[in-house]
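Observations on chain architecture
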Amino acid sequence: MAEEILMPRLSDTMTEGVIAAWHKKVGDTVKKGDLLAEIETDKATMELESYKDGILLHTGGDKGTKIQVDELLAIVGKAGEDVSSLLKAGSSPVSNPQSATTPKESAVATQSPNQPINQSAPDISKMPASAADREEVVLMPRLSDTMEEGVIASWHKNVGDTVKKGEVLAEIETDKATMELESYKNGTLLHIGAQKGEKIPVNGLLCIIGEKGKVDVDAIIAATKGGAISPQPAANSQQSAPENAKVPAESTQTIAANSSSTENGRVKASPLAKKLAAEKGIDIKAISGSGDGGRIIKADIDNYKEQISAPGGKGASTSGGVDILPWSHKESDGAKGQEGFTDIPNSQIRSIIAKRLGESKFSAPHFYLTMEINMDNAIAARVQLNEVSPAKISFNDMVVKATALALRQHPAVNASWLGDKIRRYSHIHIGIAVAIEEGLIVPVIRFADQKTLPQIAAESKELAGKAKNKKLQPNEFSGNTFTISNLGMMDIDEFTAIINPPDSCIMAVGRIKEVVVKKGDGFGVSNVMKITMSCDHRSVDGAVGAAFLQTFKKYLENPITMLL
């Protein structure tokens, strides 16, 4: 049966999307995961993937067409299928995609951070008819343009709980932030696809919400995996399936003293527990689990740490007999002279940093421009400004303001390389690199050239706090047109930074230091700061970048001009 694809809400403020490009045309074969189109929102241009197999039978508009959120974007179905009824129904906005579809068509929906309807549902034609008619599958939504998998930070509902529309189901940690996932329907939470700390790939089974006693959970789980399972009593489907499905097979030895935590030679432990055990050098086979069915959970690892840290305790050993001690653990006499290491699994953020900056460094031809700026006037101006400013202004806030004003005069620097064209932005959004535990994230000061120094200071502080608590929303870490990385507070004199896509430039800011300079007939001390701008030579030439830095320097060396 042909299915509609509606314009998804790709940001929390999006009301309409513009077709930036179609990657498929009417008549083309489409497979799950194929790139259908690029959608330009009010925040960024994002890729839209197909969630089903079929033929592209209809598109809602050509390149450049605006389509309202929840209006008809495309139709995918079988070759020659009549879609006239869908075209008629899709001629007006659909305020509630769920109410416009039958249960079997419930996979047709929008995908957004706050309304992650099961847009990317598996092919329900492979499910038993009873399951297709009754179930509601919720899949892991793509909550950022670079997200490939999500980690369950916490569940707000347990299996068996009643769920209402709009209630928070779970918190999902993406490669950018931790976001709340709301339910789009009423029902009972019948199954969860992963425990806290476990990963689920985008479009993987997140949970099942339906009417208790009328949903074949086992059949749905089997269908999402593309296989079949033996029928089991309904009472076991809600507990045994999550447990057995989530524990990866690994070769272990059955320990008699810990038989409750092993099953068929496998250690029953959550991935988070295994990860923590590996990081702390703990032999997970030696731990008794306190979770359901003797499953080892995070609390068991934490408690075991306390035991081995107690007097008389000793580090856990690997199967090879070499003691592996946590780095914070004081080395005992028996471990001296022995080699060891700790493998730390990459976080979502670290993996994406490695991927995107690696691509930037080896695809964008970088060149670097370094300039020294006299900060005497900036220091004096900051003291005076902070006497009257409602928010404390930092030197970085002054750098942001000077950068934004200089970009207004040099739009060629405020650009992106798009392969067949250079896109110059009329708006100025300044990204500020913020260090967090897992790596870096870049909150964005939007329309920075139009904001006062106190406004920039207050917003920078708020965004930095959200970044460190993983509470940034997509519109707060996307859409940057220029990025600033400041290591001056760490006593770094100067450094070079890797361009942060889609920007063409990034400015690396060093510390302010005193230097002896000639003043009049004698010598004196001045405060100077070195900055180095990395430029993408494909879109920004050396002379263009140098002219920009001259303007930037004038603003910082004469701060009063930033107030005009």
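Further up the page is the structure itself.
Rules of the game
Residues numbered from 1 in each chain as written. Predicted model: local features only at pLDDT ≥ 70, side-chain atom pairs only at ≥ 80, totals over all residues. Heavy atoms only, no water. Core = buried A, V, L, I, M, F, W, Y, C linked by side-chain atoms within 4.5 Å. Buried < 20%, exposed > 50% of the residue type's maximum accessible area, 1.4 Å probe, protein only. Helix = DSSP H or I, 4+ residues; strand = E, 2+ residues; numbered from the N terminus. Contact = heavy atoms within 4.5 Å. Salt bridge = Lys/Arg side-chain N within 4 Å of Asp/Glu carboxyl O.

**A look at the nonpolar core**
Ranked by size, the top nonpolar core spans 52 residues in total, and within it Ile430, Phe482, Met507, Ile531, Phe548, Phe552 and Leu556 carry the most contacts. With 8 residues, the single largest contributor to this core is helix 10 (residues 395-409). Once you skip the residues sitting within four places of it in the chain, phenylalanine 548 turns out to touch Thr403, Ala406, Leu407, His410, Val413, Phe482, Met507 and Met533. Counting 21 residues, the second-largest nonpolar core is a separate cluster that includes Val163, Leu189, Ile192 and Ala194.

**Looking at the side chain of glutamate 171**
Mapped onto the secondary structure, glutamate 171 falls in strand 12 (residues 168-173). With relative accessibility at 15%, the residue glutamate 171 sits in the buried group. If near-sequence neighbours (up to four positions away) are discounted, glutamate 171 is found in contact with Val151, Ile152, Ala153, Ser154, His156, Thr178, Met179, Glu180 and Lys471.

**Brief notes about the pattern of salt bridges**
The full count for this structure, using the stated rule, is 16 salt bridges. The shortest N-O distance in the salt bridge between lysine 157 and glutamate 167 comes to 3.1 Å. With lysine 157 in the loop between strand 10 (149-155) and strand 11 (162-163) and glutamate 167 in the loop between strand 11 and strand 12, this pair connects stretches of sequence that are 10 residues apart. The class for lysine 157 is buried, based on a relative accessible area of 16%. A salt bridge links lysine 513 to aspartate 493, with the shortest nitrogen-to-oxygen separation between them at 3.7 Å. Taken together, the residues lysine 513 in strand 27 (residues 505-519) and aspartate 493 in the loop between strand 26 (482-486) and strand 27 connect sequence positions 20 residues apart. Taking relative accessible area as the criterion, lysine 513 reaches 29% and is therefore assigned partly exposed. Each of Glu462, Lys466 and Glu476 takes part in one network of salt bridges that share partners.

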